[in-house]
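Structural features, examined
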Amino acid sequence: MWGGRKLGAPGSRLLGVLGSGSRTGRAERPRVAPRAGECARPAVLTPRAARSRGSGAGGWPGKAGRTRGPAVRPWLRFAGAGSGRSARRPRRGCAAAPLPACRGAGSVRALRAPVCPLPGSHRRESSSRGSPCRRPHSTSQSTVDSSEVRRFLALAHKWWDEQGVYAPLHSLNDLRVPFIRDNILKTVGNHEPGKPLSGMRILDVGCGGGLLTEPLGRLGASVIGIDPLDENIKTAQHHKSFDPVLAKRIEYRVCPLEEIVEETKGTFDAVVASEVVEHVIDLETFIQCCCQVLKPGGSLFITTINKTQLSYALGIVFAEYFAGIVPKGTHTWEKFVSPEMLESILESNGLSVQTVVGMLYNPFSGYWRWSDNTSLNYAAHAVRCTVQEHSAPAELVDKGETEEPEAKSSSNPSV
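As the structure is a computational prediction, the values presented were derived from the model and not from experiment.

Secondary structure summary: the protein chain contains 12 helices and 12 strands in total. Taking all 415 residues of the protein chain together, 40% fall into the buried category. Contacts spanning at least 24 positions in sequence make up 68% of the contacts within the protein chain whose residues lie at least 6 apart. Total accessible area computed for the protein chain in this model is approximately 24300 Å², and 53% of it derives from carbon and sulfur atoms.

This paragraph deals with the confidence of the model for the protein chain. Reading predicted coordinates in detail is not appropriate for stretches of low pLDDT. This prediction gives the protein chain a mean pLDDT of 74; 59% of its residues lie at or above 70. Note that pLDDT drops below 50 for residues 22-28; the model gives that stretch 12 contacts with residues more than four away or on any other chain. Under a pLDDT of 50 for its full length, residues 390-415 has, in the predicted model, three contacts with residues more than four places off or in other chains.

Under the counting rule described, the total for this entry stands at five aromatic pairs. Residues Trp159 and Tyr166 carry aromatic rings whose centres are separated by 3.9 Å and whose planes lie at 0 degrees to one another, so their mutual orientation is stacked. Each member of the pair, Trp159 as well as Tyr166, carries the same accessibility label: buried. Measuring from ring centre to ring centre gives 4.9 Å for Tyr361 and Trp368, while their planes differ by 45 degrees; the resulting arrangement is tilted. By the ring-pair criterion, three or more aromatic residues cluster together here, those being Phe179, Phe301 and Trp370. A cation over an aromatic ring shows up here: Lys307 above the ring of Trp333, its NZ or CZ 5.1 Å from the ring centre.

A separate point is the pairing of strand E12 (residues 377-384). Of all eight residues making up E12, seven are buried, and the element is well covered by its neighbours. Judged from the seven bridges that link them, strand E9 (residues 294-305) and E12 form a sheet pairing that is antiparallel. Among the inter-strand pairings, Ser299 is bridged to a residue of E12, identified as Val383. Taken together, the eight bridges between strand E10 (residues 351-362) and E12 define a ladder with antiparallel strand orientation. Following the sheet pairing, Thr355 is matched in E12 by His381.

What counts, and where the lines are drawn
- Residues numbered from 1 in each chain as written.
- Predicted model: local features only at pLDDT ≥ 70, side-chain atom pairs only at ≥ 80, totals over all residues.
- Heavy atoms only, no water.
- Helix = DSSP H or I, 4+ residues; strand = E, 2+ residues; numbered from the N terminus.
- Buried < 20%, exposed > 50% of the residue type's maximum accessible area, 1.4 Å probe, protein only.
- Contact = heavy atoms within 4.5 Å.
- Areas by Shrake-Rupley, 256 points an atom, 1.4 Å probe, with all protein chains shown as cover.
- pLDDT = per-residue confidence, 0-100.
- Phe/Tyr/Trp six-rings, centres within 6.5 Å; stacked < 30°, edge-to-face > 60°.
- Lys NZ or Arg CZ within 6 Å of the ring centre and 35° of its normal.
- Pairing = 2+ DSSP bridges.

The structure is reproduced here in C-alpha cells:
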C-alpha cells in the first residue's frame, strides 16, 4: 500500500530499484503537473526525496494520469542517499548552469544541466554588439576608406614597376596626360613652348607613387600630390629625387583631400582624381572638396569605372581573378559610379560637365584607346562655374519680371 492507493507494476519496479540502490533497472519517472506560470521540466527523484514524498499527504498520482517516462540515463548518478541532490556528468567543454526551479515539484531539486552554446553563437553575439577594434567610419571627417588604404599598403613599393601590377596605369598616361593638357590649354590664351602648363597650379588627389604627378610636372605645371598612405608618398619622393627639375615643381603631402581644403580653397587651376573615386568612402563629400579648392573656371579631371554588369564581369571577375591584370580585391563594384550619377553630383556642386569619353584597355597589347562606349572605363572633364554664371539665372529672372509689366503697360491704351 502507498498513501492508501495500490501501486501498479511500474510503481512496484520503481520502489524496488530505489530501495536496492541498483541503477541497472528501468524506472518510471513521474511527471509532476506544474502550476500555472511555472516551468514544466520533468524532475528526477533521489531516494531520500522519494521516501519523503511517500510520507506526505498527496502520495503518488493515480495510474490513469501517468505516462511512461524515458529510461534513467547512464550518466545520471545519485550524489548520495543522504545528500538529497542528484548530479549529472557534464560534457567536456560545457559549463554547468542551473535550470529554473519548479516549485510544483515539492522537495525535488532540479538538476544542473550542461549549457553548450551552438557552433558560432558566440561569434554572432559578439558581431551583433560590435567589435571595439572595428569602429564605423565617419564620412563627415574623412573620405578615405581604411580598408582600401590597407590594401594598397602592400603594393606601395611596386608603383614604378612598369611590368608589374601597376602596368595598366603606366600605359594609361598615354591617354590621360594629353587629355588633361589639351583641355587646360583651351582655357589659356598663350603658353610657353616645351612647357605648355607653365604657371598652372594642379592638385593630384590620390597620387600614389606619382605616376601622373611627374608627367604633369614635366609639362611645366606646379603640382601638389596628396595621398593618405605614407608609404606611397615615400615611394613618390624617392623617384622624384632622380630628376632635379621636378624637385622645384612637385610637392608631396601625406593627407586626405579634406585636410587641405581650408588652406588651399580656390587656389588650383586644375584638380585631377584619376582612378580614385571608385576607392573613396563618400563620393559626394569628395566632389565637394574638389570643387572648393578649384578657382572659378578651374577644371576637374576624373577617370574611373562605370557601374554596369559588363564592368563587373570584365573589370573584377576577369581582370582580378582570371587574367590577374590587377590584384584580387582591388575594386568593389558597389563603389563604381555611372557617368549619369557622376554628372549629377558634379552639377549639384557648381561644376559644368564638358566632356565624357570612354576608354578601352587591351590586356593582350597592354595599351589603352579612346572609345565612344563608356560601359567600362571613362574620363570626364568638368569646369567650375564662375560667379557671373551663378548669378546669370537670377539676373535673367529679374529682367524677365521687369520686362513683363512694361510690355503690359505699352499694350494698354488707357495708360
